[in-house]
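A closer look at the structure
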Protein chains: 2
Amino acid sequence: MPTRMRLTDIDLLETLSSSEYAKFLKEFQERRFIKNEILYLPNNEENSVFLVKCGKVRVYLAYEDKEFTLSILEPGDVYSTHTRAFIQAMEDTIILVTDVRTFQKIVVDSPAFSLNMVKVLGDLLKNSITIINGLVFKDIYLRLTEFLVQAVEDKGIPVQQGIKLELGLTTGEIAQIVGATRQTVSVILNDLRKSGILEKVNRRTILIKDLKKLQEINSGF
Amino acid sequence: MPTRMRLTDIDLLETLSSSEYAKFLKEFQERRFIKNEILYLPNNEENSVFLVKCGKVRVYLAYEDKEFTLSILEPGDVYSTHTRAFIQAMEDTIILVTDVRTFQKIVVDSPAFSLNMVKVLGDLLKNSITIINGLVFKDIYLRLTEFLVQAVEDKGIPVQQGIKLELGLTTGEIAQIVGATRQTVSVILNDLRKSGILEKVNRRTILIKDLKKLQEINSGF
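Residues numbered from 1 in each chain as written. Chains lettered and ligands numbered in written order. Predicted model: local features only at pLDDT ≥ 70, side-chain atom pairs only at ≥ 80, totals over all residues. Heavy atoms only, no water.

For the rest of this paragraph, the subject is the nonpolar core. By size, the foremost hydrophobic cluster in this structure holds 142 residues, and its most contacted members are Phe113 and Leu148 of chain A together with Phe113 of chain B. Not counting residues up to four positions away in its chain, the partners in contact with Phe113 of chain B are Leu12, Leu16, Tyr21, Phe24, Phe28, Val78, Phe103, Ile106 and Val107 of chain B. (Core = buried A, V, L, I, M, F, W, Y, C linked by side-chain atoms within 4.5 Å. Buried < 20%, exposed > 50% of the residue type's maximum accessible area, 1.4 Å probe, protein only. Contact = heavy atoms within 4.5 Å.)

Set out below in structure tokens:
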């Protein structure tokens, strides 16, 4: 697979530290949060925009008995305070906050900001689609991940990049085993690949890159 | 409720018709589709960016037995050909297409494009979260929408903007009737509000703005 061309490979913090952006930074207010602290609750009344200066921030949906992570924001990432998600510091974190009206003025002059938002939103959307696929195909997800975890125990070959599974089965044959259509199993395998959990080596061989995450899926839904 | 401040109220087609953008338009190729035609299938290999010139385009996820609409793109909206969604013409449609490398060059010079993408992605994300809420709370969604449809039949008062429901019940009391927590009913009512289906008039009165859509939800999941 060729590396995908990305629109949005810009380090916003580096951009901001250049002298022409110094005037923008004046418009931001610094706020500090300790590890695990909630930055913003869903539907926070404050309509602001923030930029992660240092640390790591998790954006997630929480229900009575489960949570779905939509994205992990890193230094340079821009996000909004007014969404339906919880926003939490994963480590000690500093953010720079400004109101949406000021941000609008900045953004019109500076494509770096809006390109970063495209990146952040694209990532959130990607994870949302994975979550929707997971919820729609919940039972098949569970049967397929169980099948893979079992196969790792039975015939997994530890290699440098993870665990190699010489299944000797095509996607259609796996589909028959877990009781789904080939198309559905393809969608799920593609999701697992996008989440960095596995890689297809060839038509009948899979490389499990993150066994822990694969096992977690079983308890995730 | 005050009208929300939006970052991204820019008409890209109008911007593009100005003379300084004429050089950008040269980089785009025109493609025409008739009503109901599929523009791009999921995971299309072509990594391009397109701009809706006229018509209407639906972005949706399709499973064996259901579909979820993520967004309706309108003239001026920018989107990618390489996603996990189906992209379909809702009416006769013309799009302008360019490869992602060319688009990257254009975007760095022109915040109008990236702001439009922020708008489009924000909209897709908003609908994705509504879909996730719907899937997580499937049973409660059904019970709550059934409760509202029944209430419309029993005591709906037609008014200019829709149907007024003087329920005389708080969210907590509705939650008890449909067998859910107050918080969950709040989340769902908020989703229905964001989808333009209803509006809360006061603590005990709801205005149903789109009864048809409310009824459709019952068959949607």
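To continue, consider the domain arrangement of chain A. Residues and elements named next belong to chain A. Under the domain assignment used here, chain A contains domain 1 (12–137) and domain 2 (140–219). Summing both partners gives a buried area of about 580 Å² for domain 1 against domain 2, and 59% of it is carried by carbon and sulfur. It is Thr130, Asn133 and Phe137 in domain 1 that bury the most area against domain 2; as a group they hold 79% of the surface buried on that side. Across the domain 1-domain 2 interface, the total number found is 3 residue pairs in polar contact (both at pLDDT 80 or more). In terms of residue class, the side of domain 1 that touches domain 2 is made up of 1 nonpolar, 3 polar and 1 charged. (Domains from an automatic or database assignment. Buried area = accessible area lost by both parts, 1.4 Å probe. Polar contact = N/O pair within 3.5 Å; in protein donor to acceptor, adjacent residues only side chain to side chain. Nonpolar A, V, L, I, M, F, W, Y, C, P; charged D, E, K, R; others polar.)

So, on to the relation of the copies chain A and chain B. After a rotation of 180° and a shift along the axis of 0.0 Å, chain A superposes on chain B with an RMSD of 0.0 Å. Given the turn and translation reported, the copies of this chain are related as if by a two-fold rotation axis. Comparing contact sets, 100% of the residues at the interface of chain A also lie at the interface in chain B, consistent with an isologous, same-surface contact. (Least-squares fit on C-alpha atoms with pLDDT ≥ 70 in both.)

So, on to the sheet that holds strand S5 (residues 67–73) of chain B. Residue and element names in this part refer to chain B. Taken together, 4 strands build an open sheet; the order of strands is S2-S7-S4-S5 and the sheet is antiparallel. Sheet topology places strand S2 (38–40) and S5 at the edges, where each strand pairs with a single neighbour. Recorded for the sheet is a direction-independent mean angle of 35° between the axes of neighbouring strands. As judged from the 6 bridges shared by strand S4 (residues 57–62) and S5, these two strands associate in the antiparallel manner. Following the sheet pairing, Arg58 is matched in S5 by Ile72. Against the sheet, helix H4 (residues 111–136) contacts S4 and S5, and its axis sits at roughly 160° relative to S5. (Pairing = 2+ DSSP bridges. Helix = DSSP H or I, 4+ residues; strand = E, 2+ residues; numbered from the N terminus. Axes fitted to C-alpha atoms, helices over the stretch in contact; angles between N-to-C directions.)

What follows covers the interface of chain A and chain B. In this complex, chain A contributes 45 residues to the contact, which on the side of chain B involves 45 residues. For the chain A and chain B pair, buried surface summed over both sides reaches about 4,300 Å², with 66% attributable to carbon and sulfur atoms. Across the salt bridge formed by Asp191 of chain B and Arg84 of chain A, the nearest N and O atoms sit 2.5 Å from each other. Where chain A meets chain B, there are 9 residue pairs in polar contact (both at pLDDT 80 or more). (Salt bridge = Lys/Arg side-chain N within 4 Å of Asp/Glu carboxyl O.)

The subject of this paragraph is the packing of aromatic side chains. Applying the stated criterion across every chain yields a total of 14 aromatic pairs over all chains. Aromatic side chains Tyr63 of chain A and Phe137 of chain B sit 5.0 Å apart centroid to centroid with 80° between the ring planes, which places their arrangement in the edge-to-face category. You can see Tyr63 of chain A sitting in the loop between strand S4 (57–62) and strand S5 (67–73) and its partner Phe137 of chain B sitting in the loop between H4 and helix H5 (138–155), one on each of two chains. When its relative accessible area of 8% is taken as the criterion, Phe137 of chain B is described as buried. Ring pairing ties together the aromatic residues Phe28, Phe103 and Phe113 of chain A, which thus form one cluster. Just above the ring of Tyr60 of chain A sits the side chain of Arg58 of chain A; from NZ or CZ to the centre is 3.8 Å. (Phe/Tyr/Trp six-rings, centres within 6.5 Å; stacked < 30°, edge-to-face > 60°. Lys NZ or Arg CZ within 6 Å of the ring centre and 35° of its normal.)

This part takes up the pairing of strand S7 (residues 86–89) of chain B. Two faces make up the sheet, and in a regular strand the side chains alternate between them. Residue and element names in this part refer to chain B. Judged by which residues are buried, S7 turns out to be covered on both faces: Phe86 and Gln88 on one side and Ile87 and Ala89 on the other are all buried. Note: S2 against S7, 2 bridges, orientation antiparallel. Looking across to S7, one finds that Ile38 is bridged to Gln88. Across 4 bridges, the pairing between S4 and S7 is antiparallel. Bridge pairing in S7 places Val59 opposite Ile87.

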